[in-house]
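# Descriptive analysis of the structure
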Amino acid sequence: MSLSRRSFLKGVATTSAATLIGPSLIGSALAETSVTDGVWKTSGSHWGAFRARVWAGKVQEIKPLELDKHPTDMLNGIKGIIYSPSRIRYPMVRLDWLKKHKYAADSRGNNRFVRVTWDEALDLFYRELERVQKDYGPWALHAGQTGWRQTGQFHSCNNHMQRAVGLHGYSVKKVGDYSTGAGQTILPYVLGSTEVYAQGTSWELILENSDNIIIWANDPVKNLQVGWTCETHESFEYLEQLKQKVAEKKINVISVDPVKNKTQRFLENEHLYVNPQTDVSFMLAIAHTLYTEDLHDKEFIETYCLGFDAFVPYLMGETKDKVEKTPEWASEICGVAPDKIRDFARMLVNGRTQLLFGWCIQRQEHGEQPYWMGAVIAAMVGQIGLPGGGVSYGHHYSGIGVSSTGFGAPGAFPLNIDTGQEPKHTNKNFDRYSSVIPVARWVDSLLEPGKQIQSNGSKVTLPDIKMMVFSGNNPWHHHQDRNRMREAFKKLQTVVAIDFAWTATCRHADIVLPACTQFERNDIDGYGAYSGRGLIAMHKLVDPLFQSKTDFEIMTELTKRWGRDKDYTRGMGEMEWVKSLYDDCKAGNPNFDMPEFEEFWEKGHLDFGKGKPWTRHAAFREDPEINALGTPSGFIEISSRKIGRFGYEHCQEHPMWFEKSERSHGGPGSDKFPFWLQSCHPDKRLHSQMCESEEYRATYAVQGREPIYINPSDAKSKGIKDGDLVRVFNDRGQLLAGAVLDEGYAPGVVRIEEGAWYGPVNEKIGALDTYGDPNTLTQDIPSSELAQATSANTCLVQFEKFKGEAPPVTSFGGPIEVS
């Protein structure tokens, strides 16, 4: 594709502007369309609730639900999901696997598939489940990987796959997730809960009480476009108010980040640059200033905290590395001038201060440390539990901070088999292997089966996995180091992928089953993950395309093969399940006015209005004994004796500065690969979801490739202009991307947003990725022995202007079908 972004957008503006959903994210809802042909139906998505006009059996138009006053532009990509050329049309089986039946490891990923019937595909799926259980045991099957799925409580693909496979036999499962692996592991030791998924102090109280708001490695304007359930976008009302208060100088807002992100540009607030991956050194110097200048809240620490006395000697250079953590020491690492560090520390205690951390900062080597140190700073400031003060780790996610009504969302299709039931294969013997492994260590299992690792106080023996099942989950987007994955996938005997789009995961699978999209089935979903705003009826817009089926239908047919379909379905069909989930929800929410199911279904949604403001940790502050935290001591643990007893090298008894294996701006590896690659959550999709939406992808792609954002001076030094193709590379891989020059990115910093679909030129290890998947370049190493979480942001690269004829993008479209 040679069409430039500017040309494409100009064409869209003149020929199809009526199909777009507003000029910006923070905008008003669409006006009513004048087109009346067809029927309007209500549905929901990660990108918000909407109404779709269906005519002649096809979705013609989409507009946001009138309750959504700040709809995201991404609703424009939904039609492109339904009618994508990358749709999986039929059950397919990899040619070499089917023909040789010796697993054909060397040809895995060559995208050569044979079309089969549904019966043939499900028979093969069942045969492989049987073979693996009989020839090996439950340790050889991994059916525990899960992802963001599609919205809808009944048709949750993860639940359907795991319930069906669970009726057949036991298998390896995972613990943790890619989004918050390090944070959700360390914070229970420090603050008593995972925090990352907990409701935070209400925005109303932050806006009323905060004098300072520190938005640290956090981009809520970008990330709040999407939600785990149907998103309401209510947070943007408060972000607009915050923008006004910044303009009026009523609240001091500082973005601490290596780049000027979308939130900082929207709010037009102060930006504080910190060298990538060095925040902990900056934080330690802040703590040093608060301590040596006697600015820390000693009463708060004495009343609510444990372990400060054990932390101070490290801070003062009396233990461990014998280095005092002064602003001068930190400045050499983090790039912030010593006096500026001191001023920042003093500002934190000058009025009420709310710290808002993002998740990106913990997706790095030693990612546990910045979250732990953030809690220590908040404790030293002493405002935890006060409205508009303290620390949050989730105000950029799914509407956290929007006051809750208290409405309990409907339950889901049951994940686990019912109590008293036994699977067909009752073998629970995992031999010497662990039945649960850290989510990001499954590739290690394939490459080093039997290896013993440490994980959160336990020893884990990596299982010798022979078969994996993925449903609505795309590990060829969210795992790191593609070429290491390609090597690992050769170790697998059988891979089953159930999805609606032909992702790289499907291309590397053996049996591919076509699920339908969420827009081709009926379901129900909560409206507002944390606000409890209401309920959405997800009406089926069109019948499933091609030969695709719902996950419920697929797994019903699969479980028939061993006579357990009645146990799987409980004797109910789709609408019976949807009604049952609604009725259970109605019974569980007696204080909310919920009509009978038929009335709700016809109306399409319920709106319960706004909730009541709430302050996180307020009860703990009021009485720390009665309302103790979930830490071992019940208090905030600045030092953790429990973690200390684990004896880990890279996560010890209190937060510390650890050098990274790769770090830009003079750090290890920067002489050869001087640029830090940031691969944060994308602005125009949800992880890899919607990348297949062609017309929408064209609004941001550059020469048909994923953008790489570069500082103009860095680009100039390499002869690169805006819109040029760029080869980005390191010792792990190489990719093509399209240059976007932007002063908001500091010299030495580049960004390629995660979720770009992987498309190598061929199946060889080290092949050039043609579209721009940043995980072609990232490291597959654990955060530490504690969390064993992903370290995607510990990544250095080099880049150059691409010369010669660019290869076609291979990421999209269907397989090579062989008769």
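Below: a short report on this structure. (Residues numbered from 1 in each chain as written. Predicted model: local features only at pLDDT ≥ 70, side-chain atom pairs only at ≥ 80, totals over all residues. Heavy atoms only, no water.)

### Observations concerning the sheet that holds strand β12 (residues 353–357)
Strands sit in the order β10-β9-β8-β12-β13 across an open sheet of five strands; the sheet is parallel. In the strand order of this sheet, the two ends are held by β10 (270–272) and β13 (390–392), each with one partner. On average, each strand axis in the sheet is tilted by 20 degrees relative to the strand beside it, whichever way the strands run. Taken together, the three bridges between β12 and β13 define a ladder with parallel strand orientation. Note on β13: the bridge partner recorded for Leu-356 is Ser-392. Packed on one face of the sheet, helix α11 (residues 279–292) meets β8 (212–216), β9 (252–256), β10 and β12 and runs near 155 degrees to β8. Together, β12 and β13 form the strand contacts of helix α16 (residues 368–381), whose direction differs from that of β12 by roughly 175 degrees. (Pairing = 2+ DSSP bridges. Helix = DSSP H or I, 4+ residues; strand = E, 2+ residues; numbered from the N terminus. Axes fitted to C-alpha atoms, helices over the stretch in contact; angles between N-to-C directions. Contact = heavy atoms within 4.5 Å.)

### Notes on the layout of surface pockets
Of the pockets and cavities examined, the second largest pocket occupies roughly 1000 Å³. Every residue lining the second largest pocket is counted, 50 residues in all, and those nearest its centre are Thr-146, Gly-147, Trp-148, Asn-473 and His-478. Within the residue set of the lining of the second largest pocket, elements represented by two or more residues are α5 (157–168), β7 (173–175), α18 (475–478) and β18 (494–499). Residue contributions to the lining of the second largest pocket peak at four residues, all from α5. When grouped by side-chain class, the residues that make up the lining of the second largest pocket number 19 nonpolar, 22 polar and nine charged. (1 Å grid on protein atoms, 1.4 Å probe; cavity = no way out; pocket = protein on both sides within 12 Å on 5 of 7 lines; lining within 4 Å. Points joined across faces, edges and corners; volume = space filled by probe spheres on them. Nonpolar A, V, L, I, M, F, W, Y, C, P; charged D, E, K, R; others polar.)

### A look at α11
Three or four residues apart is the spacing at which side chains of an α-helix point the same way, because the helix has 3.6 residues per turn. Along its 14 residues, α11 runs 20 Å from first to last C-alpha, staying within 8% of the 20 Å computed at 1.5 Å per residue. Regarding α11, the residues found buried are Asp-279, Val-280, Ser-281, Phe-282, Met-283, Leu-284, Ala-285, Ile-286, Ala-287, His-288, Thr-289 and Leu-290. (Expected span 1.5 Å × (residues − 1). Buried < 20%, exposed > 50% of the residue type's maximum accessible area, 1.4 Å probe, protein only.)

### Thoughts on the pattern of salt bridges
As enumerated under the stated definition, the model contains 51 salt bridges in all. The salt bridge partner of Glu-596 is Lys-586, with a shortest N-O separation of 3.8 Å. Placement of Glu-596 in the loop between α23 (574–588) and α24 (597–603) and of Lys-586 in helix α23 is noted, with a sequence separation of ten residues between them. The residue Arg-751 makes a salt bridge to Glu-753 at a minimum N-O spacing of 3.9 Å. A relative accessible area of 6% means that Arg-751 is categorised as buried. Connected through shared salt-bridge partners, Arg-441, Asp-444, Arg-484 and Asp-780 make up one network. (Salt bridge = Lys/Arg side-chain N within 4 Å of Asp/Glu carboxyl O.)

### Quick word on the packing of aromatic side chains
Applying the stated criterion across every chain, the model contains 47 aromatic pairs. Between Tyr-197 and Trp-359 the ring centres are 5.4 Å apart and the planes differ by 80 degrees, which places this aromatic pair in the edge-to-face class. One end of the pair, Tyr-197, is in the loop between α6 (181–190) and α7 (203–209); the other, Trp-359, is in the loop between β12 and α16, with 162 residues separating them in the sequence. Residue classification places Tyr-197 among the partly exposed positions, given a relative accessible area of 28%. (Phe/Tyr/Trp six-rings, centres within 6.5 Å; stacked < 30°, edge-to-face > 60°.)

### Some words on α5
Across its twelve residues, α5 extends 17 Å between first and last C-alpha, which sits within 8% of the 16 Å expected from 1.5 Å per residue. All of the buried residues along α5 are Cys-157, Asn-158, Asn-159, His-160, Met-161, Gln-162, Arg-163, Ala-164, Val-165, Leu-167 and His-168. On the buried face of α5, the contacting elements are α4 (118–135), β6 (141–142), β7, β17 (467–471), α21 (551–560) and α22 (565–569).

### Some words on the sheet that holds β17
Taken in spatial order, the seven strands make up an open sheet running β6-β17-β18-β19-β4-β5-β30, and their pairing is mixed. Unpaired on one side and paired on the other, β6 and β30 (816–817) mark the two borders of the sheet. In the sheet, β18 pairs with strand β19 (residues 511–514) via four bridges, with the strands oriented parallel. Looking at β19, one finds that Ala-497 is bridged to Val-512.

### Some details on the nonpolar core
Formed by 99 residues in total, the largest nonpolar core has its most connected members in Trp-216, Phe-282, Ile-286, Phe-311 and Phe-344. Of all the elements, α16 adds the most residues to this core, at ten residues. Those residues within four positions of Phe-311 in sequence are excluded, and the remaining contacts are Leu-284, Ala-287, Met-373, Val-376, Ile-638, Ser-639, His-654 and Pro-655. Judged by nonpolar contacts, the second largest core, of 82 residues, contains Val-116, Ile-554, Trp-577 and Val-578. (Core = buried A, V, L, I, M, F, W, Y, C linked by side-chain atoms within 4.5 Å.)

### Description of the environment of Cys-157
Position of Cys-157 among the secondary structure elements: in helix α5. Residue classification places Cys-157 among the buried positions, given a relative accessible area of 6%. Through-space distance from the C-alpha of Cys-157 to that of Ser-471 is 6.1 Å; in sequence the pair is 314 residues apart. Apart from the residues within four sequence positions on either side, Cys-157 is in contact with Arg-149, Ser-471, Gly-472 and Asp-551.

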